[in-house]
Amino acid sequence: QVQFVESGGDLVQPGGSLRLSCAASGSASSFIFARAAMGWYRQAPGKQRDLVASITRGGSTNYVDFVKGRFTFSRDNAKNTMYLQMNSLKPEDTAVYYCNTDPPRSSYWGQGTLVTVSS
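Rules behind the numbers
Residues numbered from 1 in each chain as written. Predicted model: local features only at pLDDT ≥ 70, side-chain atom pairs only at ≥ 80, totals over all residues. Heavy atoms only, no water. Helix = DSSP H or I, 4+ residues; strand = E, 2+ residues; numbered from the N terminus. Contact = heavy atoms within 4.5 Å. Polar contact = N/O pair within 3.5 Å; in protein donor to acceptor, adjacent residues only side chain to side chain. Buried < 20%, exposed > 50% of the residue type's maximum accessible area, 1.4 Å probe, protein only. Disulfide = S-S within 2.5 Å.

Please explain the environment of Glu6 as it appears in this structure.
By secondary structure assignment, the location of Glu6 is in strand 1 (residues 3–7). As for Glu6 and Leu20, which are separated by 14 residues in sequence, their C-alpha atoms are 7.1 Å apart. Apart from residues lying up to four places away in sequence, Glu6 is in contact with Ser21, Cys22, Trp40, Tyr97, Tyr98, Cys99, Gly110, Gln111, Gly112 and Thr113. From its side chain, Glu6 meets the backbone nitrogen of Cys99 in a polar contact 3.0 Å long. Looking at Glu6, its side chain comes within polar contact range of the main-chain nitrogen of Gly112, at 2.9 Å.

Written as structure tokens, this is what we have:
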């Protein structure tokens, strides 16, 4: 079993920054975390959940165009933890953010962490 727990979401003004964290736990977490590509996903109100950033087990990253240059994805395999540094936040970044493997596994979805960008 693997559980992902996201944290770090908050209310922030446009142009602000947040750092999200995702901790993996469970009997298979170390196995999965060391071998799988991982992703940060987000779901805005009324919209589907989409991948916004991914990272390979070696640390290579990919971003969707609308976060490229603003978000940075990193992982600490020793701690089974990954991070999403978000800078220059925009109101359209408002969403619940989730972490999971890439591609995602339905049983791994956590509760997510809410990011609200508003003045």
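What is the right way to look at the environment of Asp10 in this model?
Counting through the fold element by element, Asp10 comes out in the loop between strand 1 and strand 2 (11–12). Judged by its relative accessible area of 45%, Asp10 is partly exposed. With 104 residues separating them in the primary sequence, Asp10 and Leu114 have C-alpha atoms 6.4 Å apart. Beyond its immediate chain neighbours, meaning those up to four positions away, Asp10 contacts Leu18, Leu114, Val115 and Thr116.

So what exactly am I meant to see when it comes to the state of the cysteines here?
Evaluation of the coordinates by the stated rule reveals 1 disulfide. Each disulfide pairs two cysteine sulfurs, and for Cys22 the partner residue is Cys99, the sulfurs being separated by 1.9 Å. In this structure, the disulfide formed by Cys22 and Cys99 twists by about 70° around the S-S bond and is classed as right-handed. Of this pair, Cys22 sits in strand 3 (residues 18–25) while Cys99 sits in strand 9 (residues 95–101); the two residues are 77 residues apart in sequence, bridging distant segments of the chain. Here Cys22 falls in the buried class, since its relative accessible area comes to 0%.

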